[in-house]
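Geometric and topological summary
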Amino acid sequence: MYCIFWAAGDFVSVTRLKLGKLKVVRQQLLQRYEHQPFVSCLAGLYGCQWRRYQRARAQPGECCCSKVECGSFGLLILTFFLSFVFLCFWSEAQNDYNDFDWFNFGNLGFWFPWSLVLLVFASALFTYVALLLVLAVCLLAEGQRLYLHWSHKIGIVVTLTFSVTATAVMSDMWSKEWKTLHLSLQMTAPFLHVAAVLLMTLLSWPIALHFFRMSKRVRQVAILGLYLSMLFSLYLVPLGMYSPCIKKPGTLGPAPALIGHRGAPMLAPENTVMSFEKAVEAGVEGLETDVTISYDGVPFLMHDTTLRRTTNVAEIFPNRTHTDASTFTWTELQQLNAGSWFLSRDPFSTVSSLSEDDRSQVQNQSVPSLAQFLEIASHSDRLVVFDLRRPPYGHPYNQSYINTTLQVVQAHINSSQVLWLPSEDRDLVQAIDPELQQTSGEKASIQNLTESHITRLNLHYSTMSQQQIRKYWSVNISTNLYVISQPWLYSLAWCAGVQSVTTNSVHILSKVTKPLFIMTPEEYNLMWILTDAVSAVLIIVIFIFHWWRERGLTFWSGSRQTHENGPYSKFRTELSDVWSISSVNVRPDLRSTPSSPSTPHLPTITEE
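What comes next is a walk through the structure. (Residues numbered from 1 in each chain as written. Predicted model: local features only at pLDDT ≥ 70, side-chain atom pairs only at ≥ 80, totals over all residues. Heavy atoms only, no water.)

Comments concerning the overall build of the protein chain
- Counting its regular elements, the protein chain contains 21 helices and nine strands.
- Going through the 608 residues of the protein chain one by one, you find that 46% of them count as buried.
- In the protein chain, once contacts between residues fewer than 6 apart in sequence are set aside, the share between residues at least 24 apart is 66%.
- Carbon and sulfur atoms make up 62% of the accessible area of the protein chain, which totals about 31400 Å². (Helix = DSSP H or I, 4+ residues; strand = E, 2+ residues; numbered from the N terminus. Buried < 20%, exposed > 50% of the residue type's maximum accessible area, 1.4 Å probe, protein only. Contact = heavy atoms within 4.5 Å. Areas by Shrake-Rupley, 256 points an atom, 1.4 Å probe, with all protein chains shown as cover.)

As for the state of the cysteines
- Overall, the coordinates contain one disulfide when judged by the stated rule.
- There is a disulfide in this structure between cysteine 245 and cysteine 495, and the S-S distance comes to 2.3 Å. Across the disulfide from cysteine 245 to cysteine 495, rotation about the S-S bond amounts to roughly 100°, and the bridge is consequently right-handed. Residue cysteine 245 is found in the loop between helix H8 (217-236) and strand E1 (257-261), and its partner cysteine 495 is found in helix H19 (residues 487-496); the two are separated by 250 residues along the sequence. In terms of burial, cysteine 245 and cysteine 495 fall into one category: buried. (Disulfide = S-S within 2.5 Å.)

What to know about the packing of aromatic side chains
- The tally for this structure, following the rule as stated, stands at 29 aromatic pairs.
- Relative to tryptophan 548, the ring of phenylalanine 545 lies with its centre 6.2 Å away and its plane at 40°, an arrangement referred to as tilted. Separated by three residues within a single helix, phenylalanine 545 and tryptophan 548 lie in helix H21 (residues 521-559), roughly one turn from each other.
- Chaining the aromatic ring pairs together yields one cluster made of Phe86, Phe89, Phe121, Phe162 and Trp178.
- Directly above the aromatic system of tryptophan 102 lies the positively charged group of arginine 309, at a separation of 4.6 Å from the ring centroid.
- The aromatic ring of phenylalanine 328 is capped on one face by arginine 320, whose charged end is 3.9 Å from the ring centroid. (Phe/Tyr/Trp six-rings, centres within 6.5 Å; stacked < 30°, edge-to-face > 60°. Lys NZ or Arg CZ within 6 Å of the ring centre and 35° of its normal.)

Re the side chain of threonine 292
- Locating threonine 292 in the fold gives a position in strand E2 (residues 286-293).
- What makes threonine 292 buried here is its relative accessible area of 1%.
- Separated by 3.5 Å, the side chain of threonine 292 and the backbone oxygen of methionine 302 make a polar contact. (Polar contact = N/O pair within 3.5 Å; in protein donor to acceptor, adjacent residues only side chain to side chain.)

What about a nonpolar patch on the surface?
- Residues Trp205, Ile540, Ile544, Phe545, Trp547 and Trp548 make up a contiguous nonpolar surface patch of roughly 650 Å² in combined accessible area.
- Broken down by element, the residue count for the nonpolar patch peaks at five residues, all from H21.
- For isoleucine 540, the position within the fold is in helix H21. (Patch = residues over 30% accessible without salt bridge, like charges linked within 9 Å, V, L, I, M, F, W, Y side chains within 5 Å. Salt bridge = Lys/Arg side-chain N within 4 Å of Asp/Glu carboxyl O.)

Thoughts on the environment of serine 151
- Mapped onto the elements, serine 151 comes out in helix H6 (residues 150-173).
- Its relative accessible area of 31% is what places serine 151 among the partly exposed residues.
- A C-alpha to C-alpha distance of 9.7 Å links serine 151 and cysteine 48, two positions 103 residues apart in sequence.

Here we look at the pairing of E1
- Across the five residues of E1, five count as buried, placing the element largely inside the fold.
- Burial along E1 is two-sided: Ala257, Ile259 and His261 facing one way and Leu258 and Gly260 facing the other are all buried.
- Relative to strand E9 (residues 500-503), E1 runs parallel, the two sharing four bridges. Within E9, the position partnered with isoleucine 259 by the bridge is threonine 502.
- Here E1 runs beside E2; their pairing, made up of three bridges, is parallel. Bridge pairing in E2 places histidine 261 opposite glutamate 288. (Pairing = 2+ DSSP bridges.)

Brief notes about unusual backbone geometry
- A cis amide bond links tyrosine 482 to the next residue, valine 483, at an omega of -25°.
- Along the chain, valine 483 falls in the loop between strand E8 (478-482) and H19.
- Positive phi, normally seen in glycine, also occurs at aspartate 381, with a value near 55°.
- With respect to the helices, strands and loops of the structure, aspartate 381 is situated in the loop between helix H14 (370-380) and strand E4 (383-388).
- The phi torsion at phenylalanine 517 lies on the positive side, around 65°, for a residue other than glycine.
- Positionally, phenylalanine 517 belongs in the loop between helix H20 (506-509) and H21.
- Residue class for phenylalanine 517 comes out partly exposed when judged on its relative accessible area of 39%.

Focus on the pairing of E2
- A large share of E2 lies buried, amounting to eight of its eight residues.
- The pairing of E2 with E4 spans six bridges and is parallel. The partner of glutamate 288 across the bridge, within E4, is valine 385.
- The loop that links E2 with its antiparallel partner strand E3 (residues 299-301) comprises five residues; one of these, glycine 297, has a positive phi angle of about 90°.

As for helix H3 (residues 67-91)
- Between its first and last C-alpha, H3 extends 36 Å over 25 residues, near the 36 Å set by a 1.5 Å rise per residue.
- Along H3, the positions that sit buried rather than exposed are Glu69, Ser72, Phe73, Leu76, Thr79, Phe80, Ser83, Phe86, Leu87, Phe89 and Trp90.
- Looking at the buried positions of H3, the neighbouring elements they touch are helix H2 (37-47), helix H4 (97-108), helix H5 (114-141), H6 and helix H7 (176-213). (Expected span 1.5 Å × (residues − 1).)

Description of the pattern of salt bridges
- Under the definition given, this model contains eight salt bridges.
- The closest approach of N and O atoms between glutamate 270 and arginine 309, which form a salt bridge, is 2.8 Å. Of this pair, glutamate 270 sits in the loop between E1 and helix H9 (273-281) while arginine 309 sits in the loop between E3 and helix H10 (313-316), and the two are 39 residues apart along the sequence. Like glutamate 270, the residue arginine 309 is buried in the burial classification.
- The salt bridge partner of lysine 278 is aspartate 358, with a shortest N-O separation of 3.2 Å. With a gap of 80 residues between them, lysine 278 in helix H9 and aspartate 358 in helix H13 (residues 356-362) connect regions that are remote in the sequence.
- Exposure remark for lysine 278: the relative accessible area of 18% places this residue in the buried category.

A word on the packing of H14 against helix H15 (residues 401-412)
- Two numbers describe how H14 lies on H15: the axes approach to 9 Å, and their chain directions differ by 35°. You can see that H14 and H15 cross each other, and the crossing is right-handed. Taken together, the residues of H15 that come into contact with H14 (itself represented by Leu370, Ala371, Leu374, Glu375 and Ser378) are Thr405, Val408, Val409 and His412.
- When the residues that make up the contact of H14 with H15 are grouped by side-chain class, the tally is five nonpolar, three polar and one charged. (Axes fitted to C-alpha atoms, helices over the stretch in contact; angles between N-to-C directions. Left-handed = near helix turned anticlockwise from the far one by under 90°. Nonpolar A, V, L, I, M, F, W, Y, C, P; charged D, E, K, R; others polar.)

Focus on helix H18 (residues 466-473)
- Looking at H18, one finds that the buried residues are Gln466, Ile469 and Tyr472. One side of H18 carries all its buried residues, which in axial view fall inside an arc of 130°. Of the residues in H18, the exposed ones pointing more than 90 degrees away from the buried face are Gln467 and Arg470.
- Along its buried surface, H18 packs onto helix H17 (446-451), strand E7 (454-460), E8 and H19. (Arc of directions from axis to C-beta.)

Function cannot be inferred from these measures alone, as they are strictly geometric.
As C-alpha cells, this is what we get:
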C-alpha cells in the first residue's frame, strides 16, 4: 500500500513538473512571437500577414518567394521605375504648367489647375509604390518570404497603367518636356549620383544576406554579378557627366538680363498696363508682348486669336466669344475688361499675395494699345520685343499690317530700344528703319545671321546649348531664351552664358544672386571620390558581416536544431491552439524499468 501511495505521489509530482515545464516553454514561444513587432508590421502592411503562423522565413538555400510572388516583385520594381520617370518628367515641367492649364482651358472651356492635380496624383501613386518596395526590401533583409496581398497587386497594376498612359500622352503633346528633363539632369546629376550610390549601398544588405544563403552557385554568381556591374557602372558615371554649373572660379559670367513676358503675369493680368508697370518696378531690362491689328487699324496687345481667355467678351459680346480678335474695332475693344478674369481664375496662385489696392487696380484694367505699351517702355528706358500676328485674309490691314505697326513704333519710342522679331519683309523693315535691333526666332549659320543684320536670337529654352551660345556671342550675337520662370532653369541659363531670358516670374528671378548647384571641378571630384570610397567600404563591411553571421549560424545549427523547423512546427496566438511536439528529450531516470512496470511513458521537456 505504501508503495502504491508513493508511486501515485511521484506520478502526480512528475505530471505537475512536466505541465509546468510545458507552460514555461509556451510562454517563451509566445514571448518570441511578441518580440517581433517590426517583422509583424512589415508583413502586415505588405501582405496582410499579421499573425506569425501566416509567415515563413526563407531557409538557407531557398528562394525568397514563389514564382508568382517573384513576378509580383519584378512588376513592383518595374512600376517603381516607370512611375519615378513620369514623376520626374512632370515635376520638372513646372516651368510650363501655365501653358498646360491654358491649353486645357481652350479645349474644355473652363479653368482648372490640371497640372497641379496631375502632379499630386502622380506623387501619391509613386509614394505608394515606393513604400511597397521599401517594405519588400525590409522583409528580404529580415529573411522573410514575400507574399504581396491581392489589393496591393491591383494597386500596382493601376499605377503602372497610369504611368505608362500619362507618359505616352504627355510625350505626344509636350515632347519638349523631355528636353527640360535632360536640362534638369545637367543641373542635378552630381547630387542624383550621390543618391543613387546611397541607394545601392542600402541594397547591399538584403543582397548579401540572400547571396550567402543561396545553395546554388549559379544563382549566387548571377545576383552578385548583376549587382556589382550596376554598382561599378554607377561609380564610373561621373566620368561622362556634363554640367555647365561645374565651373572654374572666375569663369562665371554676369547674370542674364530679365525680360518681362507679357509684363509681370504673376503679379497682374498679362498684357495690361498694370502688368508692365509691375515688371518695370521689379527691375526688368525689357518687356515682351504680342500685337494684333484691330479692324480699324489700331495695333493692340493680345496673345490669343480670340478674346475669350483674358477678357469678359462673353458678357459684352456673347455672340462673338470665338470670333477672331482682329475683327473687333478699337471702340469695341475699349468696352472690355481685361483684369477681372485674373482674380477669378488665379492662374499662378498669386492673387492671395496682392494688396487691396492692387486688386482694385486689377479690376479696372482694359485692353491696351501698342502706343500705350511703347510709352511705358520709352519713359522707363526699357527694351521691347513683340510677336506681330498677321490679320486673317479679308482683313482691311492684311497686307499693310507691318507698315501700320512700324509707324506706331517710330512715333512712340526710340527705334534702338526695339528688338524687331517679325521675320516677314525683314529686308524692307531694315531698309526703312536700320536702327531697329533685328532679332531672329530661329537658329541659323553665322553667315546667314550676319547677312540679315541679326543682332539677337530669341529661342525656346529647350534649345539651350552652351557651345552654340558661345559661338554666337563670339560674333556679337546675343541669345535670349523664353520662357524661363524656375530658379533652377535660370541658374542653368546663367551658367551656360545666356545674355537674357524672358520670364513670368520677374519678382522671383530678380532675387537670385548666384546660380543654384554651382561648384568647382575640385569640389565635384572630391564629392564623387569620397562618395564612391565610403560606399565601397560600407558594402565590403556588410558582405563580411553576413558571411561571418551565416557561417556562425551554420556551425551552431549543426549541433542544435533551433530553426523554425525545430521543436514546434506551428505557432498560434490563441490560448486554445494545440501545440505539436516533434522532438523532445526524455529524462533517463523516469524511463520505464522492469521494477516499475506501472510507470507511464510520459516524456518531459527539459530546458537546455
